[in-house]
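Residues per chain are reported as follows:
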Amino acid sequence: MTDNIPLQPVRHKKRHDGKRRDGCCPWSRCCGGGDFRPRTVWLGHPEKREQRYPRNVINNQKYNFFTFLPGVLFNQFKYFFNLYFLLLACSQFVNELRLGALYTYWVPLGFVLIITIVREAVEEMRCFLRDKEVNSQIYSKLSTRGTVKVKSSGIQVGDLIIVEKNQLVPADMIFLRTSERNGSCFLRTDQLDGETDWKLRLPVACTQRLPTAADLLQIRSYIYAEEPNIDIHNFIGTFTREDGDPPVNESLSIENTLWASTVIASGTVVGVVIYTGKELRSVMNTSNPRHKIGLFDLEVNCLTKILFGALVVVSLVMVALQHFAGRWYLQIFRFLLLFSNIVPISLRVNLDMGKMVFSWMIKKDSKIPGTVVRASTIPEQLGRISYLLTDKTGTLTQNEMVFRRLHLGTVAYGMDSMDEVQSHVFSAYTQPPQDLQASRAQGATKVRKTISSRVHEAVKAIALVHNVTPVYESNGVTDQAEAEQHYEDTCRVYQASSPDEVSLVQWTESVGLTLVGRDQSSMQLRTPSGQILNFTILQIFPFTYESKRMGIIVRDESTGEITFYMKGADVMMAGIVQYNDWLEEECGNMAREGLRVLVVAKKSLTEEQYQDFEARYVQAKLSVHDRSLKVATVIESLEMEMELLCLTGVEDQLQADVRPTLEILRNAGIKVWMLTGDKLETATCTAKNAHLVTRNQDVHLFRPVTTRSEAHLELNAFRRKHDCALVISGDSLEVCLKYYEYEFMELACQCPAVVCCRCAPTQKAQIVRLLQERTGKLTCAVGDGGNDVSMIQEADCGVGVEGKEGKQASLAADFSITQFKHLGRLLMVHGRNSYKRSAALSQFVIHRSLCISTMQAVFSSVFYFASVPLYQGFLIIGYSTIYTMFPVFSLVLDKDVKSEVAMLYPELYKDLLKGRPLSFKTFLIWVLISIYQGSIIMYGALLLFESEFVHIVAISFTSLILTELLMVALTVQTWHWLMIVAELLSLACYIASLVFLHEFIDVYFITTLSFVWKVTAITLISCLPLYILKYLRRRFSPPSYSKLTS
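Cut-offs used in this document
Residues numbered from 1 in each chain as written. Predicted model: local features only at pLDDT ≥ 70, side-chain atom pairs only at ≥ 80, totals over all residues. Heavy atoms only, no water. UniProt positions renumbered as here; feature names shortened; annotations may be inferred. Pairing = 2+ DSSP bridges. Helix = DSSP H or I, 4+ residues; strand = E, 2+ residues; numbered from the N terminus. Axes fitted to C-alpha atoms, helices over the stretch in contact; angles between N-to-C directions. Buried < 20%, exposed > 50% of the residue type's maximum accessible area, 1.4 Å probe, protein only. Parallel < 35°, antiparallel > 145°, perpendicular 65-115°, else oblique. Left-handed = near helix turned anticlockwise from the far one by under 90°. Contact = heavy atoms within 4.5 Å. Nonpolar A, V, L, I, M, F, W, Y, C, P; charged D, E, K, R; others polar. Patch = residues over 30% accessible without salt bridge, like charges linked within 9 Å, V, L, I, M, F, W, Y side chains within 5 Å. Areas by Shrake-Rupley, 256 points an atom, 1.4 Å probe, with all protein chains shown as cover. Salt bridge = Lys/Arg side-chain N within 4 Å of Asp/Glu carboxyl O.

The protein chain has the name Phospholipid-transporting ATPase in an unreviewed UniProt entry, where Triplophysa rosa is given as its organism. Looking at the Catalytic activity (unreviewed entry) heading of the UniProt record, one finds this comment for the protein chain: "ATP + H2O + phospholipidSide 1 = ADP + phosphate + phospholipidSide 2." Check the Cofactor (unreviewed entry) section of the UniProt entry for the protein chain; it says "Mg(2+)".

Turning our attention to the sheet that holds strand β1 (residues 39-42). If you walk across this open sheet you meet the 4 strands as β1-β8-β9-β10, and the pairing is antiparallel. The two strands at the open ends of the sheet, each matched to only one other strand, are β1 and β10 (248-252). Taken over all neighbouring pairs, the strand axes of this sheet differ in orientation by 20 degrees on average, direction set aside. Note that β1 and strand β8 (residues 221-225) share 4 bridges and pair antiparallel.

This part takes up unusual backbone geometry. Only a minority of non-glycine residues have a phi that is not negative, and only a minority of peptide bonds are not trans. Residues other than glycine seldom take positive phi values, yet His-323 does so here, at roughly 60 degrees. Its location among the elements puts His-323 in the loop between α7 (295-321) and α8 (328-338). The exposure class of His-323 is exposed, given its relative accessible area of 69%. The residue Arg-758 is not glycine, and still its phi comes out positive at about 55 degrees. Locating Arg-758 in the fold gives a position in the loop between β30 (753-757) and α24 (761-775). When its relative accessible area of 30% is taken as the criterion, Arg-758 is described as partly exposed.

What follows concerns the packing of α7 against α8. Pairs of packed helices are described in terms of their axes, by the angle between the two and the distance that separates them. The N-to-C vectors of α7 and α8 enclose an angle of 135 degrees; their axes lie 9 Å apart at closest approach. Considered as vectors, α7 and α8 are oriented oblique to each other. Classified by chirality, the crossing of α8 by α7 is right-handed. Residues Leu-311, Val-312, Ser-315, Leu-316, Met-318 and Val-319 of α7 form the contact with α8, whose participating residues are Trp-328, Gln-331, Ile-332, Phe-335 and Leu-336. A breakdown of the residues in the contact of α7 with α8 according to their chemical character gives 9 nonpolar, 2 polar and no charged.

A surface patch of nonpolar side chains, about 920 Å² in accessible area, is lined by Leu-966, Leu-1020, Leu-1024, Tyr-1027, Ile-1028, Leu-1029, Tyr-1031, Leu-1032 and Phe-1036. A per-element tally of the nonpolar patch places helix α35 (residues 1009-1036) first, with 8 residues. For Phe-1036, the location among the structural elements is in helix α35.

Now the structure itself:
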C-alpha cells in the first residue's frame, strides 16, 4: 500500500551547541541542589529543615564573577579564527620567526578581545540588574515577631508568606488561608502554562478554620511534599497537625498548590513555601540559557578555514619552488606569517562593531518604539528565518473577550443592534401583567411578542448558565460591606475560571439583566427596573475537556419553576437539542468570522422529574466502581430534546495588525507555527481569525492518539491530505514524536501552517529543537509569558513581547518588542539589512586582505621566493585601520531598497533564505577580483618603477589605497553622507601621513608628475573593468530589488 509509512526506529541527532540539558549547574550537589528528594516542611519553622534547599533567586546570567573572564576567552578561542591569531601573535616571541614589530600582531588581537569583553560585560551587567529587580520584590512574611517584610530572594522553605491580590507568587507554596468569604481563591496561570482560564484553588481545611493567620505559628503542623519534578498539573502531599485531638491528616493535591509565576486573582492568601530556586516547577520547565552563535558567524568561520587552507598551500608552493633548500621547515613558518593577511583579523572586529551598529539602529527605529536588543551578537539571524513559532495568548491575542453576536435562528443581533436586545429585555420586565393578558386577547403583534420573549429567554439563560461570581471591593467612597449590601455597580468585579464566561455575563449586564450576587447555593439577578430575581442552584455540571459543555439546574424562587440550562460546543450540543435546520450552518458562519461559538439550550423540569433525577444522581455519585461513567449516564438522561435558545459569538480580540503581519511573514516565505497551552477549539478559532489558516485552506484535525498503532493510522490519513493546515494536541504530538518522529516532522514541515494546542512549556522547546535538527533552517520563537521562556531560549532567535503577562519572556529573549506587529519590520527591514550588510562587509574585508596578500605573493615570486615582507611596520597596520577602515565599515549604512519598499514587497526577504548574499559563489567571485587587482597593482608597480625599491612601495601602496576606496564606491547602492565623509577622511589621512612615512616612502618622488600618472594608470586598469561589468550586469540582468527602486 503506497500510503503506509514504513515503521522506522526514531533517530536522534547530536546537538552541537554545547548546551546542557539537565537543567542544573555542574556544582549543584555542593550548592544545596543535589538529588531531588521528598521533604517534610514545618509551618513557619524554616530552621527545622532536614536538608539544604537552593536559594530563591532568579538567575539568567551566563557567567558569574569568577567565570566571566575565563568563559569569555574560552568562547572566543574555541573558534578556529581567533585561535589562529593567538598562535600567530605568540609565534613572534620566537626570534627565527619574527617578521616585524610585536605590536603589528598583538595590537589588533588585543583590540578584538577588549571589544568582545566590554560588550559581554555590558550585557551581563544588564542581565544582573534585571535579575536583581525581580529578586528584590518585597513580600510579607508571618513570624513570631509579627508580619515582617522580606525580599523574594530571602524566602526559604518553611516560610509563611502573605500574597496580595494581583501579586506574583514568589515560590511554590501550599495554600493555607484566604481572606475570601467563600474559602477559595482564583489563580491566573497563563505565565506558567499558557492557559487563559483562571484556576480555582482551595486552602487546607484545617488551617482555613483557624481564627487568625497568626495562629498558624501556634500549632504544631507539617507538610510532607513529594520530590520536586517537572509536572505542573499534579502534586502529591499530606498535611498533618500533631497537636490536634485527634491529630489531623489531610491529603493535598494540585488544587491546594500555588506555583511560582502564577498571579493571585482574588483576595489575600497565606501559603507555606515548599520549593525554592531551581526546584520551582516554573524553573524546571525552562531550559538553561545558551550562548547563541549565529549561522552567519559559522559560515564566516568556514570561509576563514578555506582561507587558512589557501594560506598553507601558498606557503608550501613558495618553499617547493625553492626546492626545499636549507632549513625549509622554518621557511614554511615564515611564509605562513608573511601571508597571514590572507586570513584577516580585522574581519572579527568589523563584524562585531557592525552588529553593535545594527543593534543600535533597531533600538532607535521610531516605527518600532520600545524594542530592546538583548543579544547584540545575532541581529543578522533575523534576516534568514524560515520558521516562526508563536504563542497565542497575549502574543497574537489581547486575551480580552468581547461579545459580538447573538443568533436566534430567524434573527441575529450584532454589535450595532444591541439596543434592540436591550429594549426587548426592558419590555419583558416592565410590561404589567394585565397588559400582557390584554395583548394576548387581541392577538396583536404576535410575531413581535414571540421575538421579544425569545430574546428575553436567551438573555436570561446566558445570565444563569455559568460559574461567574460577582465580588465587591471598596472604591474609596463605599466600603466593601456596604457595596455588597446594596449591589453597588461601581465596586463590582466578576471572577471566573474563563474570560469567555465573564464577557457573557458583562454582556447580559449591558442589556439590562445583571448578575449581582452568588454563593454556593443561590444566585441573584437584577432586572432593568431594579427588581431582584432569586434563583436557587440545585445542581451544577462543570465544563470538562471531554464533555465540552456545562449545565446548571435552578429553581426560580418567585414561580417555583425548575429549569435545566446548558451551554456548550456545537459539536456536542447538536445531538442534544431538538431538530432544527439552522444550527450547523450558522455555527460554521460564525466560526469563519473567528468567533468562539456556544450553543445555549434549556429544558423545563417538573418537581417529580427533578426528584427522580436527584435520587439517581446521588446514587451514581456514591458508587465505588465506574463512578464517572455512571454519573455521566445519569446526566445524559436529562440531555435529550432540549429547547435550542440561541447561539453566542465571542471574540478574543487580536493584537493590533496581527493579520497583515502574518500575511507579510507568509509572503516572505516564513512558515508560522502556533504553539499554545490553550484548548483545541480556542486555538483553531484564533488561527482562523488571525488568518494564520487562510480561508481557502483545509484544516486537518489530528485525532487524539495514545498508542503506536493509532498514531500510525492517523499519520497515514494525514499523509493523503495536501496543502492543509495541521491542528494537533500536545498529548497526540508526544505519542507521534515517541514512535514516528522523523515521519511526523517530515509531514508537518510540508504544511503551510501548524497549530499545536495543550502544549507544555518543555514541549514547545522540543518542537523548536526538532525543527532545527530536521530542517537545518533557522527558527524564531515569539512569546510573552513565562511558559514561553524555554521555547524562546531554544530558538535561533528569541523574541519576547512585553505585555500584560509580565516581563519574564522579554527578559529571557534575544529581542524584546512591545507589539506583535513590530515583528514584521524587525525581520523584513532590520533583519534583511543586517544580513545583507554583514555579508557585504565580510566579503569586502576578505577582499582587502587578499589584495595585499596577492601583492606579497607576486613580490616574493619576483625576488626569488624570498620570505621578505613587502610592507613593514606602520604601513601594514595603517592599511587595515586608518586608511581603509572607515570607508569599508561605512558599508553598514548601505541599503538596496528603502524600508517602505522592503515592507511592501516581503518577497525580497525570500531571496535571503537561500543564503545568496554570502555563498561560496560570491566568495569565489571576490577572491578572483582580489587576485586580479593585487596582480595588476604589483606587476604595474614593478614594470613602471625606475630606479629605487622605495618607488615600488610608493606606487603600489598608493594604488592599493585608491583601489580600495574606489571599490567601496563601486559596492555602495545607496549613498549616505557619512560614507562620503569616510571616503574623503581616509584619503586625507593617507595624504597627511605621507609626511611621516619617509622611512618607507620617498616623499620627493610622490610629488612628481611621473608618480601621479603611474598610480592613475594602475588604479584605472584595476578598477575600470569592474565598473564596466557592474554596468552591464545592471543593464542586462538586474537583481530583483533594482526593478523596484527604478
